[in-house]
Structures are given as C-alpha cells and as structure tokens.
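# An overview of the molecular structure
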Amino acid sequence: GAPRAHLPTSAAFAAVDSSACAVLPSGPAHRMTVASPSISSGLAAGTVVGGRFAVESTSYSDALGVVLRSKDQKTNKPIALRLISPGLVDGAAMKVLRSEGRTAAALSHRSIVTTYGVGTAGGRPFVATEWVEGITLQKALGARKSGGPIALGSVFHVIEQLCAALTAAQPKTC
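## Side note on the overall build of the chain
Helix and strand counts for the chain stand at 3 helices and 8 strands. Counting from the amino terminus, the chain carries its helices and strands in the arrangement β-β-β-β-β-β-α-β-β-α-α. Buried positions account for 40% of the 174 residues belonging to the chain. Counting contacts in the chain only where the partners sit at least 6 residues apart, residues at least 24 apart contribute 57% of the total. Counting only carbon and sulfur atoms, one obtains 59% of the accessible surface of the chain, whose full area is about 9,200 Å².

## Things to note about the nonpolar core
For soluble globular proteins, the rule of thumb is that nonpolar side chains tend to be buried together. Core analysis: the largest hydrophobic core is formed by 11 residues, namely Val49, Phe53, Val55, Val66, Leu68, Ile79, Leu81, Leu83, Ala121, Phe126 and Ala128. Those elements giving two or more residues to this core turn out to be β4 (53-62), β5 (65-72), β6 (78-84) and β8 (124-130). Take this core: its biggest share by element is 3 residues, from β6. Setting aside residues no more than four positions away along its own chain, Phe53 makes contact with Thr47, Val48, Lys71, Asp72, Ile79, Leu81, Tyr116, Phe126 and Ala128. Leu64, Ile84, Ala93 and Leu97 belong to the second-largest nonpolar core, a separate cluster that totals 9 residues.

## Re the environment of Glu130
Turning to its location among the elements, Glu130 is positioned in strand β8. Separated by 14 residues in the primary sequence, Glu130 and Tyr116 have C-alpha atoms spaced 7.3 Å apart.

## What about the packing of aromatic side chains?
Applying the stated criterion across every chain yields a total of 1 aromatic pair. Taken together, a centroid distance of 6.3 Å and an interplanar angle of 70 degrees make the contact between Phe53 and Phe126 edge-to-face. Of this pair, Phe53 sits in strand β4 while Phe126 sits in strand β8; the two residues are 73 residues apart in sequence, bridging distant segments of the chain. Phe126 carries the same exposure label as Phe53, and that label is buried.

## Side note on the pairing of β6
Counting buried positions over the 7 residues of β6 gives 6, a clear majority of the element. With 7 bridges joining them, β5 and β6 adopt antiparallel strand pairing. Looking at the pairing, Val66 lines up with Leu83 of β6. Adjacent in sequence and paired antiparallel, β5 and β6 are bridged by 5 residues, among which Asn76 carries a positive phi angle near 65 degrees. Bridge analysis of β6 against β8 gives 5 bridges, and the strand direction is antiparallel. Bridging from a neighbouring strand, Leu81 pairs with Ala128 of β8.

Definitions and cut-offs
Residues numbered from 1 in each chain as written. Predicted model: local features only at pLDDT ≥ 70, side-chain atom pairs only at ≥ 80, totals over all residues. Heavy atoms only, no water. Helix = DSSP H or I, 4+ residues; strand = E, 2+ residues; numbered from the N terminus. Buried < 20%, exposed > 50% of the residue type's maximum accessible area, 1.4 Å probe, protein only. Contact = heavy atoms within 4.5 Å. Areas by Shrake-Rupley, 256 points an atom, 1.4 Å probe, with all protein chains shown as cover. Core = buried A, V, L, I, M, F, W, Y, C linked by side-chain atoms within 4.5 Å. Phe/Tyr/Trp six-rings, centres within 6.5 Å; stacked < 30°, edge-to-face > 60°. Pairing = 2+ DSSP bridges.

All quantities given are derived from atomic positions and should not be read as evidence of function.
As structure tokens, then:
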C-alpha cells in the first residue's frame, strides 16, 4: 500500500517509527529524556494492554521505547503498540498525549495512520495505532548512503501524500 504517516496535531509533537508514528510532547513545558535503544517491553506475548490490544511480538526498540506488534481484540486488526520508555513522559505531558490521541483518532485519511488509543500499561504510557507494513524511512535513506539514489519521482510522491494528509488534518487540529 501507499506509505502513511501519522501527523501530529501541533508542531511540538512528532516522532516517527517504522510502523506508525507516535505523538510525544516536547518543548520546555514537558520533561523528556532520551532512553537506551535496547529497552525491553517487559510484556510477554499474549499480554493484553488497554483491555483490548494483545501483544504478539516485539518489532523493535528505539530511544522512545518499544514498538510491539499486537492485535486489536475488538477489530481483529494488527496494531502497532508504542510502549513509551519509563520516565520519558511526565504527568502533564501524559494529559497532553491523551488529548492529542483523541484528536488523532478523529482523523481519517488514506495517508494518516489510524490511532486506536492512548493509555498506560504498568505505569508506562502507550499509543496504539494502525500497523503498516513496509520499510522504515531509515532503511530507505540507507539505500541512498550506499550509493542508491532516491528517485525524484519517489520523493515527489511522498511529499504529495504528506501535503494531502496535512490538508485533511488541518481543519480538525487547528
């Protein structure tokens, strides 16, 4: 399918991962730290998070936390469950994250991943979004570093989709 991006509802929110985008507060009003990229989720396969997202496997971890491939027990769809690193989001930031999650869940566009929920699991915040198959932006850019240029048409296509998604999101987020 076409690449999809989860658009943050404000310029202060943005963190991209390979299967979805999580929205995380940033800026001076919110405490943020960088965590080790080898974080464990501590959740075994079969664990249900948020009362409906059953963990299947760990996709990867990075500075923001761990992305778990999960299944939505309500819809039976695959889910990208971003379990945010401990201490990365404080109480004030969690309130903003929940509010932004509600806004993101109201968006519907082919170039914006669906947000299914925001909550906490074992004291750690999580964001549940649509699972999107494909390669990461990092891998796509890595091809360029190894001598394989990214075609201008491909870049244009991504920018075109991003602009269409921003246009769709703008009335609901501003």
